[in-house]
Each structure stands twice: as structure tokens, then as C-alpha cells.
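Topology and contacts: notes
Here are the chains, one letter per residue:
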Amino acid sequence: YKGEVVAGLDDPDDLVMYDGSLYVSAGTTPETSAIYKCTGTAVGSSCAPFAMGGDMLRPYGFAFAGDYLYVSSFRTDEILKFDAMTGDFVEIFAKGNATEEGLVNGPNDMAVSADGTMLYVTTQGSVAVDGEADFSFGLQSKVIAFDLTTGEGSTFIDDVAPIGPFISLLGIKIVDDALFVSDFAGGVRKFDMAGMLLATYATTFTEDSHWVGNLDLYMDMMYTVAFVNDEAAGFPGVVLKYDVSSGDSVDMLTDELFIGPTTDLVRPIGCLIV
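Residues numbered from 1 in each chain as written. Predicted model: local features only at pLDDT ≥ 70, side-chain atom pairs only at ≥ 80, totals over all residues. Heavy atoms only, no water.

**Focus on the overall build of the chain**
Stated formally: Helix and strand definitions follow DSSP, with helices as H or I runs of at least four residues and strands as E runs of at least two, each counted in order from the N terminus. Our radius of gyration is a C-alpha quantity, and the globule rule it is checked against amounts to 2.2 Å times the number of residues to the power 0.38. Three labels apply to residues, based on accessible area from a 1.4 Å probe with only protein chains included: buried if under 20% of the type maximum, exposed if over 50%, partly exposed otherwise in between. In this analysis, two residues are considered to be in contact whenever any of their non-hydrogen atoms come within 4.5 Å of each other. Here the positive residues are Lys and Arg and the negative ones are Asp and Glu; neither His nor the chain ends is included. By convention, charge coordinates are those of NZ in Lys, CZ in Arg, CG in Asp, or CD in Glu.
Along the chain, the regular secondary structure elements total zero helices and 22 strands. In terms of overall dimensions, the chain is globule-like: its C-alpha atoms have a radius of gyration of 17 Å, near the 19 Å expected for 274 residues. Referenced to the eigenvectors of the C-alpha coordinate spread, the extents of the chain come out at roughly 45 × 45 × 35 Å. The buried share among the 274 residues of the chain stands at 49%. For the chain, contacts bridging at least 24 residues in sequence account for 46% of all contacts bridging at least 6. Distance from the positive charge centre (12 side chains) to the negative charge centre (41 side chains) of the chain: 3 Å.

Structure, rendered in C-alpha cells:
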């Protein structure tokens, strides 16, 4: 453990490196909800708001594509578009309408295709009602896709079989023509770029209740964070590490526990290899 890179953010969520700088999504109110740009990745760095406004409330995933920054505004069911250089708000790129056809139901993480033309977004299946997530509508957690040229959206992956007690797709990364998706309720899934399931990776590091956060990949290794769902214990977190070079599923953890459980990680969600 090396220490805190940045302190004082309001519920930080996603982490992205872009053009040599670290960006973090954070905030639970209209006043604090923003994409923050940090001074560095060393312990003791600081961050300042870079992109905010445009009805942003509880930003989760975000991604840079071309001249623009796209942000999942979780508690408004919107994908917001900002200028990638200035952080100025451009437009509401997509907005849900509390139906499956509306697509943007609890938008979470996002990833851009290698050619920069497609935006893939995980959704929790919730509906934003008065600034809060309502799961009573019975909508699916899925992966949706948007053509960044036309703005047209569609369902890319749905009807996913659960690995954990329910389905809540969270992190998403594209590596070597494969799409890796973590599930808050448990497990990581690997799909090809046609949406076909290729492999699954277990995340059951404890018999106690636990949840899974985001993921990242480096070389042939995949890393994902998770935490024990125990407030009294301080929600101790872990980092799991997988060798994904074979393409085989991992049905039971053997030596994948890389860090923790430790309260140096408190309810970890974001994950980034720098």
C-alpha cells in the first residue's frame, strides 16, 4: 500500500487516463457531481472539476472519444456530451424514458470501440425518479451500444444469465476484440464484439456477502476490485488478478486473490492500471 493519491472527493467512482492526465468521476449532488481532472498519479495529488453541469447527477462511467467526453449521469438516466478539451457541456447525447426501448436505464460504465465509432454502456436497469434510482420497474441490466456518428442506440447484450444472486452489469473494457464486463452481484463475463459469451470468471473470494466493482486489463492479466458487504468491518476491499491469456473460464478462485481483504480499500469501485 503506497497511500492516497487523492483525498476529499465525494464518492469517487470511475478512473480514466487521457492525454497523460488522470480523470475521476465523483459527486452525489448537483454541486459536487463532475468529472475531475487530477494533477498527477502520485500520492498527495489533487483534483479540480473539469466537466460538470448539463443535469449531471451521480456520474459513473465516462469515456473520451474524438473531440468529446461522454458521461453516464446515473441519477438522471442520461448520457451527457462535453468538449474533451475545455470540459464545456455540449448536449444530452441520450436519455432514458423508463422503458426497455429507452435504453438508458441506470447508465453505468462505458467503453469506446477501437475505431472510435461505437460507444458501449452498461446499465443497471434502474429508473431515475426525483434524483434517485428506482429498481421497481423491472427493467433489464444490459449492455447498450451507440453509433457515435449517427447517435442511434440499440441493445447489444441482454438476457444475461446470472452468476451471483442477481444481475447488475458494471465495469466494461474492450481489449483485443473482446469485451470484458464485471457484474456488481458477482462475476466477470467476456464477450466477443458480436455479443457472444466467451468466458466467465468467478469472483467469490469469501463466503460472506460481497460485491464487485470495475475492472482493468494489462498485458494478459485482468484485475477487478470487490469488497465484503460488512459495514461494521469497514467494507474491506480486495483486488483479484486473473491470467486471461488462455481464454478459459475461471469457475473457482485458486490464487487470484492479489490484495486484501484490507480496509486500505474501503468499498472499492473504480480500478485502473497506470
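Picking up after the structure, the text goes on.
**Some words on the layout of surface pockets**
Rolled over the atoms, a probe as big as a water molecule pinpoints where empty space is left. Operational definition: Cavities and pockets were defined on a 1 Å grid built from protein atoms only: a cavity is a group of points that admits a 1.4 Å probe but offers it no way out, a pocket is an open group of points flanked by protein on both sides within 12 Å along at least five of seven lines, and a lining residue is one with an atom within 4 Å of any such point. Grid points are joined across faces, edges and corners, and a volume is the space filled by probe spheres set on the points.
A volume near 2000 Å³ is recorded for the largest pocket. Along the wall of the largest pocket there are 48 residues; nearest its centre are Leu15, Leu265, Pro268, Ile269 and Gly270. Of all the elements in the fold, those that place two or more residues in the lining of the largest pocket are β2 (21-26), β12 (132-134), β20 (221-228) and β22 (257-266). Looking at the lining of the largest pocket element by element, the count peaks at six residues for β22.

**Quick look at the sheet that holds strand β5 (residues 59-65)**
Just so we agree on the cut-off: Two strands are said to pair when DSSP picks up at least two bridges between them. Interaxial angles span 0 to 180 degrees and are taken between N-to-C directions of axes, which are lines fitted to C-alpha atoms, for helices over the stretch in contact.
Read across the open sheet, the four strands follow the order β5-β6-β7-β8; overall the sheet is antiparallel. Because the sheet does not close on itself, it has two edges, and the strands there are β5 and β8 (89-95). When the angles between neighbouring strand axes are averaged without regard to direction, this sheet yields 25°. Sheet topology note: the strand β7 (residues 78-83)/β8 ladder contains five bridges and is antiparallel.

**Description of the sheet that holds strand β21 (residues 236-243)**
Strand order in the open sheet formed by four strands is β19-β20-β21-β22, and the pairing between neighbours is antiparallel. The sheet is open, and its two borders are formed by β19 (210-218) and β22, each paired with just one other strand. Between one strand axis and the next, the sheet turns through 20° on average, direction left out of account. One ladder, built from seven bridges, connects β19 with β20; its direction is antiparallel. Following the sheet pairing, leucine 217 is matched in β20 by methionine 222.

**Digging into the environment of serine 25**
Selection criterion: Counting of polar contacts relies on pairs of N or O atoms within 3.5 Å, with two restrictions inside protein: one atom must be capable of donating a hydrogen and the other of accepting it, and residues adjacent in sequence are counted only when both atoms are side-chain atoms.
Note on placement: serine 25 falls in strand β2. A relative accessible area of 0% places serine 25 in the buried class. Once the C-alpha coordinates of serine 25 and glycine 131 are considered, the two residues, 106 residues apart in sequence, prove to be 17 Å apart. Non-local contacts of serine 25, meaning those with residues more than four positions away in its chain, are made with Asp11, Pro12, Asp13, Asp14, Ala34, Ile35, Pro59, Tyr60 and Phe62. From its side chain, serine 25 meets the backbone oxygen of tyrosine 60 in a polar contact 2.7 Å long.

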